[in-house]
Amino acid sequence: MSASRMLTDDGTLFIVAAPSGAGKSTLVNALLGCEPAISLSVSHTTRPPRSGEEYGRHYYFVERAEFEREIAEGIFLEHAEVHGNLYGTSHTTVAGLLAQGRDVLLEIDWQGARQIRQSKPDCVSVFILPPSRPELERRLRGRGSDSAEVIERRLHNSREEISHAHEFDYIIVNDRFEDALGDLQAIVHAVRQRAALQCRRYENLIAELLG
Ligand SMILES: Nc1nc2c(ncn2[C@@H]2O[C@H](COP(=O)(O)OP(=O)(O)O)[C@@H](O)[C@H]2O)c(=O)[nH]1
Ligand SMILES: Nc1ncnc2c1ncn2[C@@H]1O[C@H](COP(=O)(O)OP(=O)(O)O)[C@@H](O)[C@H]1O
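What you see is a predicted model, and the numbers here were worked out from it, not measured in a lab.

Looking at the site of ligand 1
1) Next: Near ligand 1 there are 18 residues, and of these Ser20, Ser43, Tyr87, Ile108 and Gly112 occur at the shortest range.
2) Next: Of all the elements in the fold, those that place two or more residues in the shell around ligand 1 are strand S5 (76-82), strand S6 (85-90) and helix H4 (110-119).
3) Next: Counted by class, the shell around ligand 1 contains five nonpolar, nine polar and four charged residues.

Thoughts on helix H2 (residues 64-73)
1) Next: Counted residue by residue, H2 has one buried out of ten residues, so it is predominantly exposed.
2) Next: Looking one or two residues past H2, Gly74 carries a phi angle of roughly 80°, positive in sign.

Side note on the packing of helix H1 (residues 24-34) against helix H7 (residues 177-196)
1) Next: At a minimum axis separation of 10 Å, H1 and H7 run at an interaxial angle of 55°. Between H1 and H7, the angle falls in the class oblique. Crossing angle aside, the handedness with which H1 passes H7 is right-handed. Here H1 contributes Leu27, Ala30, Leu31 and Cys34 to the contact with H7, which in turn contributes Ala180, Leu181, Leu184 and Gln185.
2) Next: Split into classes, the residues belonging to the contact of H1 with H7 amount to seven nonpolar, one polar and no charged.

Each value, and the rule that gives it
Residues numbered from 1 in each chain as written. Chains lettered and ligands numbered in written order. Predicted model: local features only at pLDDT ≥ 70, side-chain atom pairs only at ≥ 80, totals over all residues. Near = placed C-beta within 6 Å. Helix = DSSP H or I, 4+ residues; strand = E, 2+ residues; numbered from the N terminus. Nonpolar A, V, L, I, M, F, W, Y, C, P; charged D, E, K, R; others polar. Buried ≥ 20, exposed ≤ 12 C-beta atoms within 10 Å, placed from the backbone. Axes fitted to C-alpha atoms, helices over the stretch in contact; angles between N-to-C directions. Parallel < 35°, antiparallel > 145°, perpendicular 65-115°, else oblique. Left-handed = near helix turned anticlockwise from the far one by under 90°. Contact = placed C-beta atoms within 7 Å.

Right, here's the structure in full:
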């Protein structure tokens, strides 16, 4: 099919959410390793960096006053307070990538997902569940990135996050990692194939065939 026969399309916006410790970042990083056409949106946050986290790669780490100024300037497509810190997605970064036809993945919480569904109803949202509460706790503690107090808060907040799982298009249980990664890839491939076959993409060809 020649490019001139097809209308160019914006990329797809994927949302991945999960309670802290379910394995969302590990899964998303593995997905990005096998799907180079997906860009991860790097969020802004007031959370302090964890050891090994880099500015601009994991997050844009900013002070609360700066974040609040950015809210007032309207730079965010969505923003929310999660575990006592502010997090937000830059509107221009996402819009620019989608307009280039790239798929964009947002790793955000349920509040942000709700805001995105309002402004981008075509988005595809996935919720990652841990196989059990003891395993969620084991993963949070085993990660070794947070203080005991921060872990307690995240475990407590996981109930609220999980109570919104039904608002998402798809649910993946991250029990065996390779199975969960396969499920995530299957969703991405199915969405892409569906987009490629949409009727409106073939309007030029239909017009040509009708002479
Ligand atoms: N609404 C919103 N939530 C975000 C954003 N970036 C990260 N989050 C969420 O904030 C929560 C905490 O993220 P983080 O501090 O990296 O901890 P982790 O999930 O335990 O690795 C997670 O649910 C993230 O998905 C964002 O830009 N917007
Ligand atoms: N399927 C899995 N089985 C066992 N451990 C896992 C699995 N997926 C992720 N982990 C581990 O669980 C911990 C939390 O994962 P992480 O991706 O940081 O979670 P999140 O981004 O959801 O907070 C990490 O130490 C990670 O290596």
